[in-house]
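# Reading the structure
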Amino acid sequence: MTSPIRRIAICTGGGDAPGLNAVIRAVVTAAANRGWETVGIRDGFSGILSPGHYPGGGVVRLSREQVRGIAHLGGTILGTTNKGNPFSFPVKLPDGTTGAVDRSGEILDYFAREGIDALVSVGGDGSLTIANELHHRGLRVVGVPKTIDNDLDKTFTTFGFDSAVSFATECLDRLHSTAQSHQRVMVVEVMGRYAGWIALHAGIAGGAHAILVPEIAFDIDKVAAKVRQRDAEGRLHSLVVVAEGALPHDGHRALVAAAGIGHAERLGGAGEQVAHELAQRTGKDTRLVVLGHLLRGGSPTAFDRLAALRFGTAAVRALDAGLSGVMVALADSNVNYVRLEAVAGRMKAVPLDCDTLQTGRDLGVSFGD
Ligand code: F6P
């Protein structure tokens, strides 16, 4: 028998994604309709762990009034960070290096002290892994799957993905005409970490001629052959979409920075390598466009907005029903709940037998294999 809920907290962690504010609005409103109060933790858990950074308070009360009219806004009104894992919180050591300490106990103490009965944690793999650990330490937690990368397991989609794909597709639409006018190769690098969902979906929707995803090691000679073949057929421009995690069959993933304490490695540079090598091999004028954080900014699409509102209200219903240690997910056309255990630390890659990949192959797209 779980105790009744009077107060809940919400936090947004990891990279931002369009739809975060819609989740916040949904949680606060659905909670208020049950007579519960909601507080928002600033910047992941930093609002609790580094309260001195927040003159207005690291944990703020969220009234219905404060979340009115925010569902369509990009970003998160609470702020976010991918550096504040309470189980491995970075600290400066006396020798000047950085170490990590477990500060999760401070989160549990804070919840107990302030009479906060449960947490809605909105985030990707990192945040949901933290949520799962907090659940095991006795906190009532429900997770909401967020990421433009769509790489979370056990849910058909995450919110943020559709907005990223829609924007990338619009960019590809625009690049066709300029590539055609100049008879150029346009290489477009998109985010997605170790999964090729954004590259695949936007690449096919946007009519790319080659798409390089992490799941299929590519041979640059095969991509160059595709460009040359198009030239021979009189189609003198080519669009090549490169996922930031794309893997050359004879090389390494392009990195901007290695992983360190409290932060993952940063991918980047794959597009530059591909553009350079294609220019060398084909002799064609080649340009690179890196979409980067543009994919995370701006308003959520209607699909993401609705998904975020559905996820947020479903998280509150889960708490109301006494659930904990679960993530709201989209299965077929309905939301359901899956154990956080089944999601934490498990990446959803593009399945090699999925029909979207087959669609690309049937349309003549090169995957560099
Ligand atoms: O996970 C979302 C994401 O945008 C990835 O696609 C990308 O690799 C990473 O975050 C970039 O992180 P940062 O904002 O720290 O540069």
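Residues numbered from 1 in each chain as written. Predicted model: local features only at pLDDT ≥ 70, side-chain atom pairs only at ≥ 80, totals over all residues. Heavy atoms only, no water.

## Some words on the packing of helix 6 (residues 197–205) against helix 10 (residues 355–362)
Where we set the bar: Axis lines are fitted to C-alpha atoms, over the contacting stretch for helices. Their N-to-C directions set the angle, which ranges from 0 to 180 degrees. Secondary structure counts use DSSP, requiring at least four H or I residues in a row for a helix and at least two E residues in a row for a strand, with both numbered from the N terminus. Note on angle classes: values under 35 degrees are labelled roughly parallel, values over 145 roughly antiparallel, values of 65 to 115 roughly perpendicular, and the remainder oblique. Here a crossing is called left-handed whenever its near helix is offset anticlockwise from the far helix by less than a right angle, and right-handed whenever the offset is clockwise. Whether two residues are in contact is decided by their heavy atoms: any pair within 4.5 Å suffices.
Where helix 6 contacts helix 10, the axes come no closer than 10 Å and their chain directions differ by 40°. In terms of orientation, helix 6 lies oblique with respect to helix 10. Relative to helix 10, the crossing made by helix 6 is left-handed. Contact residues: Leu200, His201 and Ile204 in helix 6; Thr356, Leu357, Thr359 and Gly360 in helix 10.

## Quick notes on the environment of Asn21
Going by this rule: The buried label goes to any residue with under 20% of its type's maximum accessible area, the exposed label to any with over 50%, and the partly exposed label to all in between, with areas taken from a 1.4 Å probe on protein chains only.
Looking at where Asn21 falls in the secondary structure, it is placed in helix 1 (residues 20–32). Judged by its relative accessible area of 1%, Asn21 is buried. Distance from Asn21 to Ala275, taken between C-alpha atoms, is 37 Å for residues 254 residues apart in sequence. What Asn21 contacts, discounting residues up to four positions off in sequence, is Ile70, Ala71, Leu73, Gly74, Gly75, Thr76 and Ile77.

## So, the packing of aromatic side chains
We apply this condition: Classification of ring pairs uses Phe, Tyr and Trp, with its six-membered ring standing for Trp, and accepts pairs whose centres are within 6.5 Å; under 30 degrees between planes counts as stacked, over 60 as edge-to-face, and the remaining range as tilted. Geometrically, a lysine NZ or arginine CZ counts as sitting over a ring once it is within 6 Å of the ring centre and also within 35 degrees of the ring normal.
Counted by the stated rule, this structure contains zero aromatic pairs. A cation sits over an aromatic face here: Arg103 above Phe89, 4.8 Å from the ring centre. In this structure, Lys348 is placed above the aromatic ring of Trp197, and the distance from its NZ or CZ to the ring centre is 5.2 Å.

## Observations concerning the site of the ligand
Note the threshold: Residues are counted as near a molecule or strand when any one of their heavy atoms sits within 4 Å of it. Any pair of nitrogen or oxygen atoms within 3.5 Å is treated as a polar contact; in protein, a donor-acceptor pairing is required on top of that, and neighbouring residues in sequence qualify only through side-chain atoms on both sides. Exposure was quantified through the Shrake-Rupley algorithm and a 1.4 Å probe, taking into account, for residues, occlusion by the shown protein chains and nothing else. Definitions used throughout: a 1 Å grid over protein atoms alone; a cavity as a set of points that fits a 1.4 Å probe which cannot get out; a pocket as an open set with protein on both sides within 12 Å along at least five of seven lines; a lining residue as one with an atom within 4 Å of a point. Assignment of a molecule to a cavity or pocket requires that more than half of its atoms lie within 2 Å of the corresponding grid points. For this classification, Asp, Glu, Lys and Arg are treated as charged, while Ala, Val, Leu, Ile, Met, Phe, Trp, Tyr, Cys and Pro are nonpolar and the rest, including Gly, are polar. Here the bounds of each domain stem from an automatic or database domain assignment.
Residues in contact with the ligand, as listed here, are Asn82, Ile148, Asp149, Met191, Gly192, Arg193, Glu244, His293 and Arg296. Gly192 places a polar main-chain atom, nitrogen or oxygen, 3.1 Å from an oxygen atom of the ligand. One of the side-chain nitrogen or oxygen atoms of His293 is found 3.0 Å away from an oxygen atom of the ligand. Across the complex, the protein chains shield 77% of the 400 Å² of accessible surface that the ligand would expose by itself. In a pocket analysis with a 2 Å cut-off to the grid points, the ligand is assigned to the largest pocket. Of the residues that constitute the shell around the ligand, the class distribution is two nonpolar, three polar and four charged. If you count residues domain by domain, the shell around the ligand takes at least three from each of domain 1 (7–159 + 300–342) and domain 2 (163–295).

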